[in-house]
Amino acid sequence: MLKLIRWMMPLLLTGFVNMTASAQDTPRTEVKPPLEVKSPQVRTADTTIKKIMEDLQRVADSDKQNAKAIEQLSLGRELDNITKYDLIKNNLIQASETYYLLNKKIIDLKSRTTTSNLDVFITSLNNPESKELGFSLSDRVVELVEKIILKGKSDKNERNTKLVESTKSIINSPIFKSFTSLTPPLAIASSVMNFLHSVSQSNKAINHKLLQEFEKELNKYVIYYTALNDANQKFEFGLNFNKDQLSLLQDNMYDHLAFTSNVLKMPLPARGNKTIAESLNDYFIDFKKDKVIDFFQKLETQYTKNNKINYEALLRDNPNLKEANNQLEDLVLQTKRFENLYNEYFSLLDSYYTKVNHSLRLAQDNALAERPVVEAKQAEFRALKDEAVKEIQASINMKELTLNVDKIKYRYRIF
């Protein structure tokens, strides 16, 4: 446009000069205009040129504005690509650390039952030979047989002596250690009761009334051990369910990691006969945050020309980077699922604590153990439970995972 203006200017000026010269060469004749007729408005040459120049200036200004707008749009597009790339880069670098932490904490929580000290405490309460509450079930059962069934005459004859020895043999049988559905104390009580009913068929001295009295006293112990067994079974069932859910979560994390690792040119190796825990532990030896940072540095070098990174071409040629970024919401949701399972573990521990305390109160209510002994055991159990909670919290360290997840801007999807 500016070239056109510069080309037209000499022609316009030449025409103006010719018009002026012609006017000067023509003889002037005075002609008076008729009366009451106004002379028409005539645009002079100066006015015409001024108008043309104003139009030309407006065109030039418009060209400048358009050029500036185009420049701003180009710059805005470049900035947008830089912003997208930086977001993807930061998110995937942080995600690499999140994968590692999530896997580590899943394995840690899966390996948990309680703690060794708490396990020893519960095992001792459930041991028929233990005197943690001031009595041994094995001794009490023999005492009840001698006192009720034999009426204090266990050594009066060979039959009575044999009955006591048979009862002891049942109590000490190693077969009860293999029971899974019942604890040894409950299995012992059931077996001794069956044995006495069988003996009563041939020994008329053991009548129905004696068996009822014996069973009544034995049931006081059965009630205590049943409550303790119920606490153990429900805690074990809850732990197994929790572990199953953790295994499922680990499978989902493995599948999610498989896609991301392919995008980062670090694909997962074939698992073969390895467990998922073994496979991931081996993989995370190499798949580290530093390796992901190195991947992006090499990518930037590849798309650098004249000391400038072509972000538009980088994103265009690597579309899976956007998809990997957009899928990070699923990874964050998996960390939330782990947090729920982590909290469920402590809920299980709280419930277990309540049920064990209930069984101890039953031992006190049925006069199996004295109140000071029961209260001391409850205090010991509470201290061990609190110790277990602190130990697990310190080992897993949920805050470490939470802080890392907060660095992932997963809500910003890129298209």
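Check the entry above for the structure.
Presented here is a report on the structure given in the accompanying data block. (Residues numbered from 1 in each chain as written. Predicted model: local features only at pLDDT ≥ 70, side-chain atom pairs only at ≥ 80, totals over all residues. Heavy atoms only, no water.)

**As for the packing of aromatic side chains**
Rules: Working definition: a ring pair exists when centres of Phe, Tyr or Trp rings (six-membered ring for Trp) sit within 6.5 Å. Plane angles under 30 degrees give stacked, over 60 give edge-to-face, the rest tilted. In DSSP terms, a helix is any run of H or I states spanning at least four residues, a strand is any run of E spanning at least two, and both are numbered starting from the N terminus. Type-normalised accessible area, obtained with a 1.4 Å probe on protein chains alone, sets the label of each residue: buried when under 20%, exposed when over 50%, and partly exposed for intermediate values. Counting as a charge over the ring demands two things of the Lys NZ or Arg CZ atom: a distance within 6 Å of the ring centre and an angle within 35 degrees of the ring normal.
Following the criterion strictly, the structure yields 17 aromatic pairs and no others. When the ring of Tyr85 is compared with that of Tyr311, the centres are 5.5 Å apart and the planes differ by 50 degrees; the resulting orientation is tilted. With Tyr85 in helix α2 (residues 45–110) and Tyr311 in helix α10 (residues 311–317), the pair connects residues that are 226 residues apart, well separated along the chain. For Tyr85, a relative accessible area of 1% corresponds to the buried category. Given a relative accessible area of 16%, Tyr311 falls into the buried group. Between Tyr100 and Phe284, the ring centres sit 5.9 Å apart and the planes meet at 75 degrees, which makes this aromatic pair edge-to-face. Residue Tyr100 is found in helix α2, and its partner Phe284 is found in the loop between α8 (276–283) and α9 (289–302); the two are separated by 184 residues along the sequence. Residue Phe284 is classed as buried on the basis of its relative accessible area, which comes to 4%. One aromatic cluster is present, formed by Phe121, Phe235, Tyr352, Tyr353 and Phe381 through successive ring pairs. Just above the ring of Tyr254 sits the side chain of Arg271; from NZ or CZ to the centre is 5.5 Å. One Lys or Arg, Lys385, reaches over the ring of Tyr353 and ends 5.4 Å from the middle of that ring.

**Focus on the pattern of salt bridges**
Cut-off, in case you're wondering: Each salt bridge in this description consists of a side-chain nitrogen of Lys or Arg and a carboxyl oxygen of Asp or Glu lying within 4 Å of one another.
Under the criterion given, the structure shown has 15 salt bridges. Between Asp108 and Arg112 there is a salt bridge whose closest N-O contact spans 3.3 Å. Each member of the pair Asp108 and Arg112 is classed as buried. Close ionic contact of Lys234 with Asp230 constitutes a salt bridge, the shortest N to O distance being 3.7 Å. In this pair, Lys234 and Asp230 are both assigned in helix α7 (residues 208–263), four residues apart and thus about one turn of the helix distant. Classification of Lys234 as partly exposed rests on a relative accessible area of 44%.

**Focus on the nonpolar core**
So the rule is basically this: As used here, the term nonpolar core means buried Ala, Val, Leu, Ile, Met, Phe, Trp, Tyr and Cys residues forming a set that is joined through side-chain atoms within 4.5 Å. Any two residues having at least one pair of non-hydrogen atoms within 4.5 Å are treated as being in contact.
In terms of nonpolar packing, the biggest core is built from 105 residues, with Ile149, Phe214, Tyr224, Phe296 and Phe338 touching the most fellow members. Ignoring sequence-local partners within four residues, the contact set of Phe214 consists of Val141, Leu144, Val145, Ile148, Ile149, Val192, Met193 and Leu196.

**Looking at α9**
We count it as follows: For a helix, the expected span equals 1.5 Å multiplied by the residue count minus one. Arc definition: it is the arc formed by the directions from the helix axis to the C-beta atoms.
Compared with an ideal rise of 1.5 Å per residue, which puts 14 residues at 20 Å, α9 spans 20 Å between its outermost C-alpha atoms and is within 8% of the ideal. Those residues of α9 not exposed but buried are Val292, Phe295, Phe296, Leu299 and Glu300. Relative to the axis of α9, the buried residues are bounded by an arc of 130 degrees and lie together on one face. Seen from the buried face of α9, the exposed residues on the opposite side, beyond 90 degrees, are Asp290, Lys298 and Thr301.

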